[in-house]
Amino acid sequence: MDITSISSAASLIDPVNLADDAGVSLGSDLDTFLSLLITQLQNQDPLSPMDTTEFTSQLVSFSQVEQSITANKNLEQVIALSQGSFNTAALGYIGMTVEATGNDVPYNGEPLQLYYTLPVEAEETLLTVFDATGQVVFQTAGENGKGRHGYVWDGKDTLGNPVDPGTYNVQVLGTDEDGEPLSGDVSYAAVVTGVHTESGTLVLDINGISQPLDTIISVTKTPAI
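Caption draft 1: Focus on the sheet that holds strand E10 (residues 194–198). Strand order in the open sheet formed by three strands is E10-E11-E12, with antiparallel pairing between adjacent strands. Bordering the open sheet on either side are E10 and strand E12 (209–212), each of which pairs with just one other strand. Within this sheet the neighbouring strands show an average axis-to-axis angle of 40°, counted without direction. As defined by bridge partners, strand E11 (residues 201–206) adjoins E12 across four bridges and the pair is classed as antiparallel. Among the inter-strand pairings, Asp205 is bridged to a residue of E12, identified as Ser210.

Caption draft 2: Main features of the nonpolar core. Membership of the largest hydrophobic core comes to 29 residues, with the highest contact counts inside it found for Val129, Trp153, Tyr168 and Tyr188. Elements that contribute at least two residues to this core include exactly strand E1 (97–101), strand E2 (104–107), strand E3 (112–118), strand E4 (122–130), strand E5 (136–141), strand E7 (166–176), strand E9 (185–191) and E11. Examining the composition of this core, we find that four residues originate from one element, E3, more than from any other. The residues contacting Tyr168, other than those within four sequence positions of it, are Asn103, Asp104, Val105, Tyr107, Val129, Phe130, Asp131, Val137, Trp153 and Val163.

So, how was this worked out
- Residues numbered from 1 in each chain as written.
- Predicted model: local features only at pLDDT ≥ 70, side-chain atom pairs only at ≥ 80, totals over all residues.
- Heavy atoms only, no water.
- Pairing = 2+ DSSP bridges.
- Helix = DSSP H or I, 4+ residues; strand = E, 2+ residues; numbered from the N terminus.
- Axes fitted to C-alpha atoms, helices over the stretch in contact; angles between N-to-C directions.
- Core = buried A, V, L, I, M, F, W, Y, C linked by side-chain atoms within 4.5 Å.
- Buried < 20%, exposed > 50% of the residue type's maximum accessible area, 1.4 Å probe, protein only.
- Contact = heavy atoms within 4.5 Å.

Structure (structure tokens):
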């Protein structure tokens, strides 16, 4: 193993992950490099001394990698502190009323505030609620004006019978003045009951639904309805 191969190995050290292990490995490589350097200096031809340019460059490479590892350690600490603060702040969502986008909505036995937004004026609009099996539970004609509309679903099917609490899918479909189909963007307002992580991502618990934070468009202290 010569000086050049050790230097090449050092330049390939990835400072992005495992900063502590990388630091130990770098220290070991540097010790080996210095041992070889001393041996070569002791055995060099006095009439043809070594060119110092090469090993000076290699020492600089070690220094640069060491600085990268140190910077990465600091970054990991900042990320850990930020994540802890973020998780703590997320606890503040519990008990708050949020409006979240998405067609899957949580029904807990109480009337549910729904919203939908139409991109253009509609000739007719139909709001439909589906159960987990895809069966139609409830249908009603909606408002047709362009923009945002609200509707409170009382948790009853089309015949007026109460449905079980659970996750339901809401679709708002219609046609425009040219008879072309259109759909409305759906959202709902409900109270956050908890927070947890999924695959390293923080999400809100809303009556059995895991709602990502990036789908939350408003947060209030007032009741959903």
